[in-house]
Amino acid sequence: MSEYFEIIDFIKSIYPDENPVPLHAPRFLGNEKKYLNECVDSTFVSSVGAFVDLFEKEFAKYVGAKYAVAVVNGTAALHVVLKLAGVQNDDEVITQPLTFIATVNSITYCGARPVFIDVDTETMGLSPDALQKFLLNNCRIENKTCINKSTGKKIKACLPMHTFGHPVRIDRIKDICDEWNITLVEDAAESLGSYYNNNHTGTFGKVGIFSFNGNKIITSGGGGAIVTNDELLAKKAKYITTTAKIPHKWEFVHDEVGYNYRMPNINAALLCAQLENLEKFLESKRKLAGLYSKLFRSHNMKFFNEPANAKSNYWLNSVILNDRIRRDEFLESTNNNGVMTRPIWKLMNKLEMFKDCQAGELKNALWLAERVVNIPSSVIVK
Ligand SMILES: *Cc1c(COP(=O)(O)O)cnc(C)c1O
């Protein structure tokens with residue numbers, strides 16, 4: 001175990017002012033206080049305001065989407081985009097078992113059921129090969145709809161997630177979804193600043209979502225965004241994330257169920273300042289990943305590097321331990337000595353709520369779930 005002390009000392013030397021060293025802390029190094037003050041002075045702290053509009057414009061530009069809609073958090077964004085993708089009661093949605101709970105909860109909010117398909121070990125995200133294999137073995141197309149033969153239900157959407165900011169092989173996944181008439185929706189909550197073949201994650205599918213929770217690469221306290229190139233979908237997203245009210249000077253007439261998922265202007269003020277620093281954050285994170293890569297190589301441990309054809313944001317760095325015993329030793333040693341580390345999520349299909357959901361063969365997900373550990377990854381402040 002003492003072999004980990006060099007690693008622990010190294011991590012402490014990177015973050016000398018934080019004890020214990022957190023996994024990921026936000027950094028407020030720019031116009032955050034200035035914009036927050038402006039927001040308070042304007043009195044527009046609630047659900048409409050200039051910072052919301054500014055953020056939506058700047059964010060769409062940054063990721064290269066035509067439209068962005070700011071919402072209250074990433075989970076709400078997922079709920080809305082699945083609705084926009086036409087997911088209804090009794091439908092099914094394909095996703096990966098190795099993800100944060102929100103991905104799968106959002107499927108449940110629509111009354112739909114998740115179907116779990118394996119991940120690739122190179123990306124930790126949905127495997128296009130496993131997806132194709134599952135569809136060929138279990139599904140048929142009927143009236144332009146993908147039907148799961150074993151349940152008789154419609155598979156409406158596919159929801160891959162770019163784990164810790166490492167892009168999945170999204171081009172192949174998109175082709176397969178197109179072939180099978182399944183709507184592709186991307187959970188890009190963790191991958192702001194990550195690209196696949198030079199296109200930003202979240203922009204390959206019909207719609208994508210991002211999160212600005214306190215632990216993400218930039219934060220609005222709590223917040224999320226929906227991005228799309230489809231004008232109608234964007235309008236619809238804005239409409240149902242407010243109250244679905246027909247515009248009128250004084251009447252309150254609503255023509256469908258709205259969700260009140262808007263991002264408050266005060267959160268958008270913080271976020272606009274954070275967005276200005278995103279490039280700097282990305283640079284710092286790439287540099288840190290380089291340092292980690294070298295450190296772990298010298299200890300014969302596997303640091304998780306960005307996959308082929310991808311540029312990762314290195315939001316949350318990870319190492320792959322040899323087995324479960326080594327993983328637990330590493331977790332003990334680091335957490336007992338002032339360095340926060342955390343194992344990757346328990347597989348979603350093992351949780352009480354989802355244990356009866358259909359799953360393909362999950363060999364890689366099981367393998368990774370026993371070995372992957374996240375290590376401190378905050379932006380380095382100098
Ligand atoms: C953070 C996260 C979300 C949810 O975001 P919140 O803003 O916390 O609701 C969804 N999916 C993934 C993969 C996440 O990491």
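Counting starts from 1 at the beginning of each chain's written sequence and moves along it residue by residue. Local features in this predicted model are restricted to residues whose pLDDT is 70 or higher, and side-chain atom pairs enter the listing and the counts only when it is 80 or higher, whereas totals over whole chains, interfaces and linings include all residues. Side-chain measures were taken over the full set of non-hydrogen atoms in the model, leaving aside hydrogen atoms and water.

### Observations regarding the site of the ligand
Here is step 1 of the chain: Of all residues adjacent to the ligand, which total 15 residues, the nearest are Gly74, Thr75, Glu190, Ser211 and Lys216.
Here is step 2 of the chain: Within the contact set of the ligand, an oxygen atom lies 2.7 Å away from a side-chain nitrogen or oxygen of Ser211.
Here is step 3 of the chain: A distance of 3.2 Å separates an oxygen atom of the ligand from a polar side-chain atom of Lys216.
Here is step 4 of the chain: We get accessible surface area from the Shrake-Rupley algorithm with a probe of 1.4 Å; when it comes to residues, only the shown protein chains can shield them. Here the ligand, which alone exposes 380 Å², has 92% of that area covered by the protein.
Here is step 5 of the chain: Broken down by secondary-structure element, the contributors of at least two residues to the shell around the ligand are helix H4 (74–84) and helix H5 (101–109). Residues are counted as near a molecule or strand when any one of their heavy atoms sits within 4 Å of it. Think of a polar contact as two N or O atoms within 3.5 Å of one another; within protein, one of them needs to be a possible hydrogen donor and the other a possible acceptor, and neighboring residues in sequence only count if both atoms come from side chains. Helix and strand definitions follow DSSP, with helices as H or I runs of at least four residues and strands as E runs of at least two, each counted in order from the N terminus.

### Brief notes about the packing of H4 against H5
Here is step 1 of the chain: Axis lines are fitted to C-alpha atoms, over the contacting stretch for helices. Their N-to-C directions set the angle, which ranges from 0 to 180 degrees. Between H4 and H5, the least distance of the axes is 9 Å, while the angle of their chain directions is 45°. Here H4 lies oblique to H5, going by the angle between them. As for the relative orientation of H4 and H5, their crossing is right-handed in sense. Of the residues in H5, those touching H4 at Thr75, Leu78, His79 and Leu82 are Ala102, Thr103, Ser106, Ile107 and Tyr109.
Here is step 2 of the chain: Under the grouping applied here, Gly and all other residues not named as nonpolar or charged are polar, the nonpolar ones being Ala, Val, Leu, Ile, Met, Phe, Trp, Tyr, Cys and Pro and the charged ones Asp, Glu, Lys and Arg. Classifying every residue of the contact of H4 with H5 gives five nonpolar, four polar and no charged. Every angle not falling under 35 degrees, over 145, or within 65 to 115 is termed oblique; those three ranges are roughly parallel, roughly antiparallel and roughly perpendicular. The hand of a helix crossing depends on one turn: near helix anticlockwise from the far one by less than a right angle means left-handed, and clockwise means right-handed. By definition, residues are in contact when any of their heavy atoms lie within 4.5 Å.

### Here we look at the pattern of salt bridges
Here is step 1 of the chain: The rule for a salt bridge is simple: a side-chain nitrogen of Lys or Arg has to be within 4 Å of a carboxyl oxygen of Asp or Glu. Under the criterion given, the structure shown has 18 salt bridges.
Here is step 2 of the chain: Between Glu58 and Lys61 there is a salt bridge whose closest N-O contact spans 3.7 Å. Pair noted here: Glu58 and Lys61 are both in helix H3 (residues 50–63), with a separation of three residues, about one helical turn.
Here is step 3 of the chain: Under the scheme applied here, a residue whose accessible area is under 20% of the maximum for its type counts as buried, over 50% as exposed, and between as partly exposed, the area being computed with a 1.4 Å probe on protein chains only. The exposure class assigned to Glu58 is partly exposed, which follows from its relative accessible area of 29%.

### Section: the domain arrangement of the protein chain
Here is step 1 of the chain: One can read the domain layout of the protein chain as domain 1 (2–27 + 278–375) and domain 2 (32–276).
Here is step 2 of the chain: Each domain's limits were defined by an automated method or a database of domain assignments. Computed from C-alpha coordinates alone, the two centres of domain 1 and domain 2 are separated by 25 Å.
Here is step 3 of the chain: Contacts between the two partners involve 46 residues from domain 1 and, on the opposite side, 51 residues from domain 2.
Here is step 4 of the chain: Two parts placed together each lose some accessible area; with a 1.4 Å probe, that loss summed over both constitutes the buried area. Between domain 1 and domain 2, a total of about 3900 Å² is buried, with carbon and sulfur atoms accounting for 63% of that surface.
Here is step 5 of the chain: For the pair domain 1 and domain 2, the number of links is 21 residue pairs in polar contact (both at pLDDT 80 or more).
Here is step 6 of the chain: Breaking the side of domain 1 that touches domain 2 down by element, the ones donating at least two residues are helix H10 (278–298), strand S13 (310–311), helix H12 (363–369) and strand S16 (372–374).

### Let's talk about the side chain of Asn277
Here is step 1 of the chain: Its place among the elements puts Asn277 in the loop between helix H9 (265–276) and H10.
Here is step 2 of the chain: When its relative accessible area of 6% is taken as the criterion, Asn277 is described as buried.
Here is step 3 of the chain: Residues within four places of Asn277 in sequence aside, it is in contact with Leu29 and Gly30.

### Considerations on the packing of aromatic side chains
Here is step 1 of the chain: Working definition: a ring pair exists when centres of Phe, Tyr or Trp rings (six-membered ring for Trp) sit within 6.5 Å. Plane angles under 30 degrees give stacked, over 60 give edge-to-face, the rest tilted. Under the criterion given, the structure shown has 13 aromatic pairs.
Here is step 2 of the chain: Summarising the aromatic geometry, the rings of Tyr35 and Phe51 are spaced 5.5 Å apart at their centres and angled 35° between planes, so their arrangement reads as tilted. Here Tyr35 is found in helix H2 (residues 32–42), whereas its partner Phe51 is found in helix H3, with 16 residues between them in sequence.
Here is step 3 of the chain: Its relative accessible area of 12% is what places Tyr35 among the buried residues.
Here is step 4 of the chain: The exposure class assigned to Phe51 is buried, which follows from its relative accessible area of 10%.
Here is step 5 of the chain: Measuring from centroid to centroid gives 6.1 Å for Tyr292 and Phe303, while their planes differ by 40°, and the two rings are tilted. One end of the pair, Tyr292, is in helix H10; the other, Phe303, is in strand S12 (residues 302–303), with eleven residues separating them in the sequence. There is no split in this pair, since Tyr292 and Phe303 are both buried.

### Let's talk about the pairing of strand S4 (residues 139–142)
Here is step 1 of the chain: Judged from the four bridges that link them, S4 and strand S5 (residues 145–148) form a sheet pairing that is antiparallel. The residue bridging Arg140 from the neighbouring strand is Ile147, located in S5.
Here is step 2 of the chain: Here, any two strands with at least 2 DSSP bridges between them count as paired. Between S4 and S5, which pair antiparallel in sequence order, lie two residues; one of them, Asn143, sits at a positive phi of approximately 50°.

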